[in-house]
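Chains, contacts and geometry: an overview
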Amino acid sequence: MIQTLENKSILLIISGGIAAYKSLELIRLIRKSGGAVRAVLTKGGAQFVTPLSVSALCEEKAYTDLWSLKDETEMGHIRLSREANLIVIAPASADLLAKMANGFADDLASTTLLAANTPILIAPAMNHMMWENAATRDNLAKLKDRGVSMVGPNEGDMACGEYGMGRMAEPEEILEAIQSTTS
Ligand SMILES: Cc1cc2nc3c(=O)[nH]c(=O)nc-3n(C[C@H](O)[C@H](O)[C@H](O)COP(=O)(O)O)c2cc1C
């Protein structure tokens, strides 16, 4: 059954993977379901989709900077998670997962995640060898132990021309995971 996201606020973190283009469709789907979306782009994420496209789809500014005088006057890195029902990381890069697993807080996304008291859903996306790397396996095990939920990844053709596990879940699958996590 399709569940509405009415009155739900999603904090979407877009990190640096080629699948970031799919996060634009995800924003559209969340909004169509009645939810509000606020987005944070990592430095890598902003290489793949522009803050302007993300802001236009969210109808709200996209957050990118930990050192923003205006946003941090209101403690943006704390407020962003407190005002959300769920944090969704899509795509979740190997780098951002490593930062999360090890408590790094050197940019807006990782600092917000370390300070979060909100449930977190990750949609990993990466090359299959990155996915199978022992470092990534360890990082994911730590995150799972801490109660982080995951959707995907799927097996299939990769943007790099290789084949394997690591394709980001499709936006519709991520939407369903959001709906069941927030219901
Ligand atoms: C063309 C290109 C595609 C990339 N795709 C991915 C990807 O799908 N998944 C991933 O984990 N890293 C990918 N990377 C590497 C990340 O962008 C890089 O590790 C970056 O530091 C991630 O930063 P962030 O996690 O802070 O956004 C890619 C890099 C390039 C140049």
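This report concerns the structure included in the present document. Predicted model, so just to flag it, every value in this text is computed and none were measured. (Residues numbered from 1 in each chain as written. Predicted model: local features only at pLDDT ≥ 70, side-chain atom pairs only at ≥ 80, totals over all residues.)

Glancing now at the overall build of the protein chain. The helix and strand tally for the protein chain stands at 10 helices and 7 strands. Relative to the compact-globule value of 16 Å for 183 residues, the protein chain shows a C-alpha radius of gyration of 15 Å, a close match. Each of the three principal axes of the protein chain carries a C-alpha extent, and together these read 45 × 40 × 30 Å. Counting the 183 residues in the protein chain, one finds 42% classified as buried. For the protein chain, contacts bridging at least 24 residues in sequence account for 77% of all contacts bridging at least 6. (Helix = DSSP H or I, 4+ residues; strand = E, 2+ residues; numbered from the N terminus. Rg over C-alpha atoms; globule rule 2.2 N^0.38 Å. Buried ≥ 20, exposed ≤ 12 C-beta atoms within 10 Å, placed from the backbone. Contact = placed C-beta atoms within 7 Å.)

On the secondary structure map, S23 appears in helix α1 (residues 20-32). Overall, S23 belongs to the buried group, with 32 C-beta atoms counted inside 10 Å. Along the primary structure S23 and I174 are separated by 151 residues, whereas in three dimensions their C-alpha atoms are 9.6 Å apart.

This next bit is on α1. For α1, with 13 residues, the first-to-last C-alpha span of 19 Å sits near the 18 Å given by 1.5 Å per residue. Taken together, the buried positions of α1 are A20, K22, S23, L26, I27 and I30. Considered in projection along α1, the buried side chains sweep an arc of 160 degrees and stay on one side of the axis. Residues of α1 that are buried sit in contact with β1 (9-14), β2 (36-41), α2 (45-48), α3 (51-58), β3 (86-92) and α10 (171-182). At the exit of α1 stands G34, carrying a positive phi of roughly 100 degrees. (Expected span 1.5 Å × (residues − 1). Arc of directions from axis to C-beta.)

Glancing now at the sheet that holds strand β4 (residues 120-124). Taken in spatial order, the 5 strands line up as β2-β1-β3-β4-β5 in an open sheet, and their pairing is parallel. In this open sheet, the two edge strands, each paired with only one partner strand, are β2 and β5 (149-150). Where β1 meets β3, 4 bridges bridge the pair, whose relative direction is parallel. Paired with I10 across the two strands is L86, which belongs to β3. Strands β1, β2 and β3 of the sheet are contacted by α1, whose axis makes an angle of about 175 degrees with β1. (Pairing = 2+ DSSP bridges. Axes fitted to C-alpha atoms, helices over the stretch in contact; angles between N-to-C directions.)

A word on the site of the ligand. Near the ligand there are 16 residues, and of these G16, G17, T42, G44 and S93 occur at the shortest range. Tallying contributions element by element places helix α6 (residues 94-101) first for the shell around the ligand, with 3 residues. Taken together, the residues of the shell around the ligand sort by class into 7 nonpolar, 7 polar and 2 charged. (Near = placed C-beta within 6 Å. Nonpolar A, V, L, I, M, F, W, Y, C, P; charged D, E, K, R; others polar.)

Right, let's talk about the packing of α1 against α10 for a bit. Contact geometry of α1 with α10 gives a least axis separation of 9 Å together with a crossing angle of 45 degrees. Classified by the angle their axes make, α1 and α10 are oblique. Here α1 runs over α10; the crossing is right-handed. Of the residues in α10, those in contact with K22, E25, L26, L29 and I30 of α1 are P171, E172, I174, L175 and I178. (Parallel < 35°, antiparallel > 145°, perpendicular 65-115°, else oblique. Left-handed = near helix turned anticlockwise from the far one by under 90°.)

Counting residues in hydrophobic clusters, the biggest one holds 52 residues, and the most contacted among them are L12, V88, I89, A90, A123, I174 and I178. Residue contributions to this core peak at 6 residues, all from β3. Setting aside chain neighbours within four positions, we find I178 in contact with L5, I10, I30, L86, V88 and L121. (Core = buried A, V, L, I, M, F, W, Y, C linked by C-beta atoms within 7 Å.)

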